[in-house]
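Results of the structural survey
Now for the letters of each chain:
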Amino acid sequence: MLQLSLIREQREKVISALKKRRVPNIEETIDQVLALDHDRRRAQQEHDELLAESNRIAREIGELMKSGRKDEAEARRTRTSDLKKRVAALTETLNQTAASLQHLLYQIPNTPHDDVPDGAGPDDNIVVHEHGVIPELSGDAVPHWDLIKQYDIIDFELGVKLTGAGFPVYKGKGAKLQRALVNFFLDKATKKGYAEIQPPILVNEASGYATGQLPDKEGQMYRVDSDNLYLIPTAEVPITNLYRDVILAERDLPIRNAGYTPCFRREAGSWGSHVRGLNRLHQFDKVEIVHITRPEDSYREHEEMVAHAESLLTALELPFRRLLLCGGDMGFNAAKCYDLEVFAAAQKRWLEVSSVSNFETFQANRLKLRYKDEKGKTQLLHTLNGSALALPRIVAALLENNQGPGGIRIPPILVPYTGFDVIEKNG
RNA sequence: GGAGAGAUGCCGGAGCGGUCGAACGGGGCGGUCUCGAAAACCGUUGUCCGAGCAAUCGGACCGAGGGUUCGAAUCCCUCUCUCUCCGCCA
């Protein structure tokens, strides 16, 4: 949620920033916000004055009663009944105005940072750089969805039997590879100074609202109706919510947390022919990193986060590129976002494996995540998060890029984790 | 699943319906003392909204939402959550 004070003080800047996202009718929306804000403040002022009056009378009555002047007290009593009615009416107006205002604010996405290019969609993203060598595969190379069958390491049919489409079963070396990647990612994060967190993978409604999954993206999460809980779509939700309603001390900053969780996404309406195999799943594994920083540090931290994620890809010897997302392609909460994509050589496609975002105060505003600065003033912190990394597409690229006549080669850095250096047929 | 207890500030824990934003203790912060530290002592220690350049002032907040009352942390109702014991179980 954008800060009202920002909209109030920098209307033009907010509008021009939001235009980079191609938000329709943004002037009207912003002016509606300002009008509601104005109405709310006026109502509040009047409301508070009436209450002050009524509090004063109540206090007087108390004193009169104490000193036994009952008739004078009675006289004042009648004066308050009219006040009460007016207060009740104003409270109603105030609540309604505040609710409409909040509703409207919830619908406005974050303002893109100055660096973010204007653009309508993926074609307007900027390739910041490419890294690594795209392997030349032999003519009989096949996409991962064929490899996993040939080597019998990931089984979609069994997943359908147990659960449904998009819930694969990892078997043998396939299962070990998952475990190895999770441990590798977590170890790398820990070495970098991240505190490891293992959070619940079910969260309550309050958590969903605080990080912005609710109310709008409700359809993307699996809900446990009987207990009114949600399966997390990413570890961002529980880890960031650790800091909901928290006022941190400046010496606690920056906070850097990393956590592994399975992630659950309904992906309603987002299936198509290009999302075969591991390219899109309902359940997948991911190591997520979360930073909480002072406003002045967040962009430096953002660069460090993306560099950390890139170092994982480099270590895994996967060719990748970094994209700076344009306004139209950025997530709702982000002020600036980098995507990392690996090249899956058999599909001959770039696959997104990480998305590293700076939310500035947008998320902290809903979370009520603040700190006391050196002047003792309480102010909102910046939150950032990123994948480091999401497993399925990493696995897809590893399988496709490393396939050869002798089987699928495991990158050396992973061998201590897997315990094997090649995936062969029948074993 | 059964039975009971409770929800108050950073924590523990009081709180006759009328200076209660809230006693007391602990913690934190600042200070005195000390070469330094501990101890002791003194002081200080909430959030949000609104008005104001500011000092400051007004309002709200004692799980949430309603109600009674001139006045509610205190009385009534509803909801939510937590804890304890028993049962079941990794």
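Model, not experiment: these values are computed from the prediction.

1. Some remarks on the protein's contact with RNA strand B
The environment of RNA strand B is formed by 19 residues, the closest being Arg 40, Gln 44, Asp 48, Arg 370 and Lys 372. The protein-proximal atoms of RNA strand B, defined as those within 4 Å of the protein, are 74% sugar or phosphate. Within the contact set of RNA strand B, a phosphate oxygen lies 3.3 Å away from a side-chain nitrogen or oxygen of Asn 55. Contacts to RNA strand B include Ala 58, whose backbone N or O atom sits 3.0 Å from a base nitrogen. Secondary structure elements with two or more residues in the surface near RNA strand B: helix H3 (26-66), helix H4 (70-106) and strand S14 (370-372). Taken together, the residues of the surface near RNA strand B break down into five nonpolar, six polar and eight charged.

2. Section: the confidence of the model for chain A
In this model, chain A carries a mean pLDDT of 92, and residues with pLDDT of at least 70 account for 98%. Under the prediction, the complex receives an ipTM of 0.87, its pTM being 0.92.

3. Quick notes on the sheet that holds strand S15 (residues 378-380)
By way of backbone hydrogen bonds, the strands of a sheet pair with one another, either parallel or antiparallel. Spatially, three strands are ordered S8-S14-S15 in an open sheet, and the strand pairing comes out mixed. The two strands at the open ends of the sheet, each matched to only one other strand, are strand S8 (247-249) and S15. On average, each strand axis in the sheet is tilted by 40 degrees relative to the strand beside it, whichever way the strands run.

4. Let's talk about the sheet that holds strand S7 (residues 229-231)
If you walk across this open sheet you meet the three strands as S5-S7-S6, and the pairing is antiparallel. Each of the sheet's edge strands pairs with one partner strand only, and the pair in question is strand S5 (202-203) and strand S6 (223-224). Two strands pair when backbone bridges link them, and S5 and S7 are joined in this way by two bridges, in the antiparallel orientation. Directly across from Leu 202, in S7, lies its bridge partner Leu 231.

5. Here we look at the side chain of Thr 293
Relative to the elements of secondary structure, Thr 293 occurs in strand S10 (residues 283-293). Within the structure, the side chain of Thr 293 is placed 3.5 Å from the backbone nitrogen of Ser 298, a separation counted as a polar contact. With residues up to four places along the chain from it excluded, the contact list for Thr 293 reads Pro 254, Ser 298, Glu 301, Leu 381, His 382 and Leu 384.

6. Concerning the pairing of S10
Most of S10 is tucked away: ten of the eleven residues are buried. In the sheet, strand S9 (residues 255-264) pairs with S10 via ten bridges, with the strands oriented antiparallel. Residue pairing across strands places Gly 259 opposite Glu 288, the latter belonging to S10. Sheet analysis places S10 next to strand S16 (residues 382-390), joined by seven bridges and oriented antiparallel. Counterpart to Ile 292 in the pairing with S16 is Thr 383.

7. Looking at the nonpolar core
Ranked by size, the top nonpolar core spans 56 residues in total, and within it Leu 181, Phe 185, Leu 313, Val 342, Ile 394 and Leu 414 carry the most contacts. Once residues lying within four places of it in the same chain are set aside, the contact partners of Leu 313 are Leu 318, Phe 320, Leu 340, Val 342, Val 353, Leu 389 and Ile 394. Judged by nonpolar contacts, the second largest core, of 17 residues, contains Val 33, Leu 36, Leu 104 and Ile 108.

8. Looking at the pattern of salt bridges
When the charged atoms of two side chains lie near each other, side chains of opposite charge can form a pair. Overall, the coordinates contain 31 salt bridges when judged by the stated rule. The salt bridge involving Asp 31 is made with Arg 11; its shortest N-O contact spans 2.7 Å. On the criterion of sequence distance, the pair formed by Asp 31 in helix H3 and Arg 11 in helix H2 (residues 11-19) is long-range, its members being 20 residues apart. Here Asp 31 falls in the partly exposed class, since its relative accessible area comes to 34%. In this structure, the salt-bridge partner of Glu 304 is Arg 300, at a minimum N-O distance of 3.8 Å. You can see Glu 304 and its partner Arg 300 sitting in helix H10 (residues 298-315), four residues apart, about one turn around the helix. Classification of Glu 304 by relative accessible area gives partly exposed; the value is 35%.

9. A look at helix H12 (residues 391-401)
Most of H12 sits inside the fold, with ten of its eleven residues counted as buried. For H12, the set of buried residues is Leu 391, Pro 392, Ile 394, Val 395, Ala 396, Ala 397, Leu 398, Leu 399, Glu 400 and Asn 401.

10. Re the packing of helix H7 (residues 173-191) against H10
Remark: H7 packs on H10, axes separated minimally by 11 Å, with the N-to-C direction vectors making an angle of 130 degrees. Classified by the interaxial angle, the pair formed by H7 and H10 is oblique. Crossing of H7 over H10 shows right-handed handedness. Judged by residue contacts, Phe 184, Phe 185, Lys 188 and Ala 189 of H7 engage His 308, Leu 312 and Ala 315 from H10. Residue composition of the contact of H7 with H10, grouped by class: five nonpolar, one polar and one charged.

11. Topic: the packing of aromatic side chains
Per the stated rule, a full pass over the model turns up five aromatic pairs. Summarising the aromatic geometry, the rings of Phe 184 and Tyr 417 are spaced 5.7 Å apart at their centres and angled 70 degrees between planes, so their arrangement reads as edge-to-face. Residue Phe 184 is found in helix H7, and its partner Tyr 417 is found in helix H13 (residues 415-418); the two are separated by 233 residues along the sequence. Note on Phe 184: relative accessible area 2%, which makes it buried. Here Phe 332 and Phe 362 contribute two aromatic rings whose centre-to-centre distance is 5.9 Å and whose plane-to-plane angle is 70 degrees, an arrangement assigned as edge-to-face. Of this pair, Phe 332 sits in the loop between strand S11 (320-324) and strand S12 (336-344) while Phe 362 sits in helix H11 (residues 362-367), and the two are 30 residues apart along the sequence. Take Phe 332: its relative accessible area is 25%, and that puts it in the partly exposed class. Judged by relative accessible area, which is 3%, Phe 362 ranks as buried.

Criteria and cut-off values
- Residues numbered from 1 in each chain as written.
- Chains lettered and ligands numbered in written order.
- Predicted model: local features only at pLDDT ≥ 70, side-chain atom pairs only at ≥ 80, totals over all residues.
- Heavy atoms only, no water.
- Near = heavy atom within 4 Å.
- Polar contact = N/O pair within 3.5 Å; in protein donor to acceptor, adjacent residues only side chain to side chain.
- Helix = DSSP H or I, 4+ residues; strand = E, 2+ residues; numbered from the N terminus.
- Nonpolar A, V, L, I, M, F, W, Y, C, P; charged D, E, K, R; others polar.
- pLDDT = per-residue confidence, 0-100.
- Pairing = 2+ DSSP bridges.
- Axes fitted to C-alpha atoms, helices over the stretch in contact; angles between N-to-C directions.
- Contact = heavy atoms within 4.5 Å.
- Buried < 20%, exposed > 50% of the residue type's maximum accessible area, 1.4 Å probe, protein only.
- Core = buried A, V, L, I, M, F, W, Y, C linked by side-chain atoms within 4.5 Å.
- Salt bridge = Lys/Arg side-chain N within 4 Å of Asp/Glu carboxyl O.
- Parallel < 35°, antiparallel > 145°, perpendicular 65-115°, else oblique.
- Left-handed = near helix turned anticlockwise from the far one by under 90°.
- Phe/Tyr/Trp six-rings, centres within 6.5 Å; stacked < 30°, edge-to-face > 60°.

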